[in-house]
Amino acid sequence: MNAASPLVAPGVGARALVEVVPMRRRHLRSVLRIERAAPHRGWSAGLYLGELRRPEDRRYVVARRGAAVVGFAGLMQVLEDAHVTTIAVDPAVQGQRIGTRLMLALAEQARAWGCDNLTLEVRPSNAAAIALYRRFGLAPAGVRKGYYADLGEDALVMWGHEVQSPAFADRLAAIAATLDLPSGPPPAEGTTP
C-alpha cells in the first residue's frame, strides 16, 4: 500500500490500530466507496440514512484506521433475533482481521440487546466469510434461492443460537483476545468511542 492510498491517513502505517465506532452520516462516502468494490450491488446512501435513523433496533459501525474507513457492518434487531444486514471490508485491506473486529462488535451488540440468536445471509462462494461466521458459532441452516439476483447466486442462511449463553460469551472473549481487544458492545449512538 502506498502513501497515496485513501485507506491510510497521512502518518498512519498500514498496520495501525483499527477501531470500530458507530457509523455516522459523514462516513457514508467511504462506505459507498467500499460498497462499489463489492461483487454484488450495494446499498444506496438513502438506505443507509434510513437505517441510521433507527437507533432503537439498528446498529451500524465502521472500522477506521486513523481517519480512513476500511470497513463497515450493520445489525438489525427483530424480537429475539439479531440479523447481520451488511458487512464489508475494503478489498485493499482484506485479510487483516478487520472483518473479525466488525463481526465481534455486532455479536457483542446482539448480546447487549438481549438477543438469543444471530443470523445472516452469505454467498455460498464466499468461503472466507463463511469461515469467519463459523468461527463465531454460526452454522448453515438453509438457502434463499436467487437472493443475490444481480450475481445469479443463492444465499446461504447461517444461524447462531444461545447468544446469551456463557459458552457464547467465552467464544467472543477468546476471539477478542486474539485481536488484543477489550470485549463489550460498541459504544452507543451519541457517545464518544
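Note that this is a predicted model, so its numbers are computed, not measured.

## Regarding the nonpolar core
1) Next: Ranked by internal contacts, the top residues of the largest apolar core, which has 38 residues, are M103, L118, Y133 and F136.
2) Next: In terms of residue count, the dominant contributor to this core is helix α3 (residues 98-113) (nine residues).
3) Next: With sequence-adjacent residues up to four places away left out, M103 is seen in contact with V84, I87, L118, L120, L132, Y133, F136 and L138.
4) Next: By size, the runner-up hydrophobic cluster in this structure holds 13 residues, among which are L28, I34, Y60 and V62.

## Considerations on the side chain of D90
1) Next: Among the secondary structure elements, D90 is positioned in the loop between β4 (81-89) and α3.
2) Next: Judged by its relative accessible area of 7%, D90 is buried.
3) Next: A distance of 2.4 Å separates a polar atom in the side chain of D90 from a polar atom in the side chain of R33.

## So, the pairing of strand β5 (residues 117-122)
1) Next: Burial runs high along β5: six of the six residues are buried.
2) Next: Neither face of β5 is open: one carries N117, T119 and E121, the other L118, L120 and V122, and all of them are buried.
3) Next: At this point the chain moves from β4, through α3, to the parallel β5, and the crossover so formed is right-handed.
4) Next: Relative to strand β7 (residues 153-160), β5 runs antiparallel, the two being bridged by five bridges. Of the residues in β7, the one forming a bridge with T119 is W159.

Cut-off values and rules
Residues numbered from 1 in each chain as written. Predicted model: local features only at pLDDT ≥ 70, side-chain atom pairs only at ≥ 80, totals over all residues. Heavy atoms only, no water. Core = buried A, V, L, I, M, F, W, Y, C linked by side-chain atoms within 4.5 Å. Buried < 20%, exposed > 50% of the residue type's maximum accessible area, 1.4 Å probe, protein only. Helix = DSSP H or I, 4+ residues; strand = E, 2+ residues; numbered from the N terminus. Contact = heavy atoms within 4.5 Å. Polar contact = N/O pair within 3.5 Å; in protein donor to acceptor, adjacent residues only side chain to side chain. Right-handed = clockwise from strand over helix to strand, strands pointing away. Pairing = 2+ DSSP bridges.

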